[in-house]
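This is what each chain is made of:
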Amino acid sequence: MKKITNFNTVLKSIYCYSKKKLDLPYMPNALWIEPTNACNLKCIMCPNSIIKNPNPGFMDIEVYKEIIDQAKDFASYVVLCISGESLLHKDFVEMVRYAKSNGLEVYLSTNATVMTSEISRNIIDAGLTWINFSFDGVLKDTYEKVRVKANFEKTLENIVNFLKIKKELNASTQTELQIIIMDDKGQKEYDENKDAFLENFKDLPLDSVQARKPSTWGSFLADTDKYVPIELEKTHGYSPCSYLWSSLHILWDGRIVACTSDFFGDNVLGKFPEQSLKEIWNGKLMKNFRQAMIDGSYLKYNKNCKDCDAIWEKRILGLPSGLRGISAITVSNIFSKKFLELAKKIAKLADSKFTMKVIKNKK
């Protein structure tokens, strides 16, 4: 029954987005929840590298459980990260376990620097669905210039150990390694060294490697000289941000924002638990921002939307990036985990400039 609801939500979200509906007759399939905004790195393509974050916080585990209790009847999955390194949260394993035990698939993106063997084993045992290792560079010098404060050998060892434990447990957790390629020099280095780098994962259950270009995180890094972001192509037209029709994003202190690019809560659309998720989803602030996205007045709400690739990226198969990705993940959760990988390959075939390229790892 839940899977039927999730599939119907995919169809309804596509319809309501295309018809520019403001009051939505469904709840979203996806929730991004921020366990913490604290991070141990200062990566050059992350807003945390240019804006000081003097008040790092950690979501209260009871508030988190309230979110899951409200979301379990409608959401397909939760992504446990926004601006910080989620594995720094002392209750992260319990967060995974609680969501999974309530019928939600659980996704994580991590820099893997603090991922010990104990943490790896525990999050696999807790039922983690999918994990993305953000490892930006196939050579030590490049990686450590991008992932400032990280150590190439140590982080690589952490990832390899995770994969060994996954193999030992014969676990179904999907594992992906993502490499952000910063410029033409980085592309050349990647092309010349990727095969040797992937030898580190020989005979290990790494499901795929994904290479992509970096974004500007809206306007946060629009003027950066540290890397070359994906180029905004405005010739094919503007698309209202479809995350507002398909997902909720909850910061560590319960503030609701439109998307993961609103790192610092510049445009708060509600506050949990003072308001329920249902009240926020079709609340006045959310509907006002949907309308602003439709009529193009969004900058008066959030200036950081100005250079966001999500609203200028070319639609593929008629769908903008946010709605396309959430729909693909939801369908993958319903039918087969392999569907998401297939969807990315189809997108690449449909548009050669699609930012993500998936390389199947040789196990």
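Above: the structure in question.
Residues numbered from 1 in each chain as written. Predicted model: local features only at pLDDT ≥ 70, side-chain atom pairs only at ≥ 80, totals over all residues. Heavy atoms only, no water.

Trainee: I'm lost on unusual backbone geometry in this one. Help?
Mentor: Note: most residues except glycine have negative phi, and most peptide bonds are trans. With an omega dihedral of 10°, the bond running from phenylalanine 272 to proline 273 counts as a cis peptide bond. Assignment of secondary structure puts proline 273 in the loop between β9 (270-271) and α8 (277-281). At asparagine 170, a residue that is not glycine, the phi angle is positive and equals roughly 55°. Within the secondary structure layout, asparagine 170 lies in the loop between α6 (152-169) and β5 (174-180). The exposure class assigned to asparagine 170 is exposed, which follows from its relative accessible area of 70%. In this structure, aspartate 203 takes a positive phi of about 65° despite not being glycine. (Helix = DSSP H or I, 4+ residues; strand = E, 2+ residues; numbered from the N terminus. Buried < 20%, exposed > 50% of the residue type's maximum accessible area, 1.4 Å probe, protein only.)

Trainee: Would you explain the packing of helix α4 (residues 117-125) against α6 in this entry?
Mentor: Between two packed helices, what matters for the description is the angle formed by their axes and the separation of those axes. Relative orientation of the contacting elements α4 and α6 amounts to 45°, with a least axis distance of 9 Å. As the angle between them shows, α4 and α6 are arranged oblique. In terms of crossing hand, the pair formed by α4 and α6 is right-handed. Two secondary-structure elements touch here, α4 through Ser117, Ser120, Arg121, Ile123, Ile124 and Asp125 and α6 through Asn161, Phe162, Ile165, Lys166, Glu168 and Leu169. Partitioning the contact of α4 with α6 into residue classes produces five nonpolar, three polar and four charged. (Axes fitted to C-alpha atoms, helices over the stretch in contact; angles between N-to-C directions. Parallel < 35°, antiparallel > 145°, perpendicular 65-115°, else oblique. Left-handed = near helix turned anticlockwise from the far one by under 90°. Contact = heavy atoms within 4.5 Å. Nonpolar A, V, L, I, M, F, W, Y, C, P; charged D, E, K, R; others polar.)

Trainee: When you look at the packing of aromatic side chains in this model, what are you seeing that I'm missing?
Mentor: Aromatic ring pairs: the centre-centre distance and the angle between the two ring planes describe each pair. For the coordinates displayed, the defined rule picks out 19 aromatic pairs. Between the aromatic rings of phenylalanine 263 and phenylalanine 264, the centroid separation amounts to 5.8 Å while the plane-to-plane angle is 70°, which identifies the pairing as edge-to-face. Feature note: the residues Trp32, Tyr77, Tyr107, Trp130 and Tyr243 constitute an aromatic cluster, connected by ring pairs. It is arginine 290 that lies over the ring of tryptophan 281; its NZ or CZ is 4.6 Å from the centre. (Phe/Tyr/Trp six-rings, centres within 6.5 Å; stacked < 30°, edge-to-face > 60°. Lys NZ or Arg CZ within 6 Å of the ring centre and 35° of its normal.)

Trainee: Whenever I open this one, the packing of helix α2 (residues 61-71) against helix α3 (residues 92-101) confuses me. Can you help?
Mentor: Interhelical geometry of α2 versus α3 gives an angle of 20° and a closest axis separation of 10 Å. Taken together, the axes of α2 and α3 are roughly parallel relative to one another. Crossing hand, α2 versus α3: right-handed. Together, Ile61, Tyr64, Lys65, Ile68 and Asp69 of α2 and Glu94, Met95, Val96, Tyr98 and Ala99 of α3 make up the contact between the two elements. Taken together, the residues of the contact of α2 with α3 break down into seven nonpolar, no polar and three charged.

Trainee: Whenever I open this one, helix α11 (residues 321-334) confuses me. Can you help?
Mentor: Structural remark: α-helix, 3.6 residues per turn; residues separated by three or four positions point the same way. For α11, built from 14 residues, the straight-helix expectation of 20 Å at 1.5 Å per residue is met to within 8% by its first-to-last C-alpha distance of 20 Å. Buried residues dominate α11, accounting for 13 of its 14 residues. (Expected span 1.5 Å × (residues − 1).)

Trainee: Explain the pattern of salt bridges here, please?
Mentor: Where charged atoms of side chains with opposite charge meet at close range, the side chains can pair. The full count for this structure, using the stated rule, is 16 salt bridges. We note a salt bridge from arginine 324 to glutamate 313, for which the minimum N-O separation is 3.5 Å. With arginine 324 in helix α11 and glutamate 313 in the loop between α10 (309-312) and α11, the pair connects residues that are 11 residues apart, well separated along the chain. By relative accessible area, glutamate 313 is classed as buried at 17%. Within the structure, one salt-bridge network assembled from shared partners comprises Lys65, Glu94 and Arg97. (Salt bridge = Lys/Arg side-chain N within 4 Å of Asp/Glu carboxyl O.)

Trainee: Explanation requested: α6 in the structure shown.
Mentor: If you check α6, its first and last C-alpha atoms are 26 Å apart, about what 18 residues at 1.5 Å a residue would give, namely 26 Å. Taken together, the buried positions of α6 are occupied by Phe152, Thr155, Leu156, Asn158, Ile159, Val160, Phe162, Leu163, Ile165 and Lys166. Of the residues that open α6, the one with a side-chain oxygen 3.2 Å from the backbone nitrogen of glutamate 153 is asparagine 151. (Polar contact = N/O pair within 3.5 Å; in protein donor to acceptor, adjacent residues only side chain to side chain.)

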